[in-house]
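Chains, contacts and geometry: an overview
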Amino acid sequence: MFAGSKKRIYVSMIAGILMLSAAGIAPVAAQEIPNDFTAIVRQKIPAVVAITTRQIIEDQPTNDFLSPLDGRGSAPVQPQVREALGSGFVISKDGYIVTNNHVVADANEIHVVFTDKRTAPARLVGHDSATDIAVLKIDPRPDMAATVWGDSDALQPGAWTIAIGSPFGLGGTVTVGVLSARSRDIQAGPYDDFLQTDASVNQGNSGGPLFNARGEVIGVNTAIVSPSGGSIGIGFAVPSRTARPVVEQLIRTGRIERGFIGVHLQEVTPSIARALGIPDSKGALVASVDPGSPAGKADVQSGDVITRFNDRDIQSPRDLTLAVTNQKPGTTATLASNRGGSAQEVTVTIGERTDDETPTSAIAPTPEAGDQLGLSLGPIPEEALQQLGVPPGTTGVFVQDVAPDSLAADNGLEAGDVIVSANNQSVTQPSDIEEQWAKSRQQNKPILFRISRQGQFLFVAVARS
């Protein structure tokens, strides 16, 4: 959700329901861009379909005094029928059709409507809520037109884009614009990597194709930003780089396999970079490593800053997440990282990701370092261990309170945190933190804390103002 000053601006799925949940090669050559798009549209529009769904919702009985009773003291159950409309496109002449997961989720009936108005029932082959992609199957039609995938990575901002779909039920609608941006993160899910286009897309365009100027599918239209539900020229599509392997896996197995290495990541802030002694804030900081995970077996350690995955530079945690999840479980990958100022390189065997994946007053007095940082510190209260979600065997210093507008508060420390290390040195009492804080001041750099918060580990760097 995005908030405007007078209107609510929101990202919505463009099938008419609210959303729940590398550099390119070269631009399209000028001589390949047509004077108009009639030839491409005439060729591709037969492969674009409207999708209609029906979902039957069984209501619970109610004690409505105005309704006839069924003899048991409650009104009879009245099932409701919810209909939704979206778009899709034929990806093979065998009858496989790509659309958005949110178009067909929980549907009892699915039908596709071709541009010649003929309708066919469809069955759901598989779906992936994480990328909002679904695959349907219909009986093949004679001479059925099909689309072909293009390379979304080869498209640069400013290149032509063509959207075809069924906005507001108006099948066969064509809109044209340009690619506005790539790799957009709209906070829809962990694998956000959207193409942004100003080709008009609206409710009902969900699941429809986004073509390049050669008529290749380079995206699956998925969401819009809008104050009213209508197009304002900001639409998002799942890039073909993401959608194509998902579609191929769903057709092949009906399910998605994603890579997993078992690390918890956070951003490298400028303060953390200074505390770690690294030149910039690029990379993904390992906050913790799951015991027995592929990363743990490969000797990846908390505090490592991962900078490269195979041949891909890692600029942020999202880069690493996308790189790992796109790897096939069982394959190996090379991780390059910075550990304490030294370059490290390890080989990790990719695993498979699964979907499952109060303070007391009896606290010792706060030392001088705590005063300067704005922290009230003491031993970890035994009775608070379970409440705090502190992993068994964890040692550290308990943050009883954080003074408002203090250095600690300004840098993200919270009451209830357990500080387990300072400057990569284990701490067991407040005086340990006082010692490390003094060293940090002498070196004129932030103090780097590793903390346990609600069962998760993360790093926090506290710098002097």
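Heads up: the structure comes first, above all this text.
Below is a short write-up of the structure.

Broken down by element type, the chain carries 10 helices and 29 strands. When each of the 465 residues of the chain is scored for burial, the buried share is 48%. Accessible surface computed for the chain: about 22600 Å², of which carbon and sulfur atoms make up 48%.

Before going further, it helps to spend a moment on the pairing of strand S4 (residues 80-90). For S4 and strand S5 (residues 96-99), the ladder comprises 2 bridges, and the chain directions are antiparallel. Directly across from phenylalanine 89, in S5, lies its bridge partner valine 98. Taking the residues between adjacent antiparallel strands as the criterion, S4 and S5 are bridged by 5 residues, where glycine 95 takes a positive phi near 105°.

One pass over the full model with this rule turns up 3 aromatic pairs. Taking 6.2 Å as the distance between ring centres and 55° as the angle between the ring planes, the aromatic pair formed by phenylalanine 194 and phenylalanine 236 counts as tilted. Pair noted here: phenylalanine 194 is in strand S12 (residues 194-197) and phenylalanine 236 is in strand S15 (residues 235-239), with a separation of 42 residues, a long-range link. Across the pair, exposure class does not vary: phenylalanine 194 and phenylalanine 236 are buried alike. In this arrangement the basic side chain of arginine 141 is found over the ring face of phenylalanine 114, its NZ or CZ atom lying 4.0 Å from the centre. Lying over the aromatic face of phenylalanine 457, arginine 450 brings its terminal NZ or CZ to 4.3 Å of the ring centre.

Oppositely charged side chains are able to pair whenever their charged atoms sit close together. Counted by the stated rule, this structure contains 18 salt bridges. Between arginine 214 and glutamate 216 there is a salt bridge; the shortest N-O distance is 3.5 Å. Glutamate 414 serves as the salt-bridge partner of arginine 453, at 3.6 Å between the closest nitrogen and oxygen. Remark: glutamate 414 occurs in the loop between helix H9 (407-410) and strand S26 (418-422) and arginine 453 occurs in strand S28 (residues 447-453); sequence separation between them is 39 residues. A residue is classified by how much of its surface remains accessible, and glutamate 414, at 41% relative accessible area, is partly exposed.

Take the nonpolar core next. With 29 residues, the main nonpolar core has Phe89, Val98, Ile133, Trp149 and Val220 as its most contacted residues. Listing elements by their share of this core, those giving two or more residues are helix H1 (38-44), S5, strand S9 (133-137), strand S10 (160-165), strand S14 (217-226), S15 and helix H3 (240-253). Dropping the residues within four chain positions of it, valine 220 is found in contact with Phe89, Val98, Asn100, Ile133, Gly207, Gly208, Phe236, Ala237, Val238 and Ala243. Judged by nonpolar contacts, the second largest core, of 19 residues, contains Val402, Leu413, Val427 and Val460.

Thresholds, definitions, all that
- Residues numbered from 1 in each chain as written.
- Predicted model: local features only at pLDDT ≥ 70, side-chain atom pairs only at ≥ 80, totals over all residues.
- Heavy atoms only, no water.
- Helix = DSSP H or I, 4+ residues; strand = E, 2+ residues; numbered from the N terminus.
- Buried < 20%, exposed > 50% of the residue type's maximum accessible area, 1.4 Å probe, protein only.
- Areas by Shrake-Rupley, 256 points an atom, 1.4 Å probe, with all protein chains shown as cover.
- Pairing = 2+ DSSP bridges.
- Phe/Tyr/Trp six-rings, centres within 6.5 Å; stacked < 30°, edge-to-face > 60°.
- Lys NZ or Arg CZ within 6 Å of the ring centre and 35° of its normal.
- Salt bridge = Lys/Arg side-chain N within 4 Å of Asp/Glu carboxyl O.
- Core = buried A, V, L, I, M, F, W, Y, C linked by side-chain atoms within 4.5 Å.
- Contact = heavy atoms within 4.5 Å.

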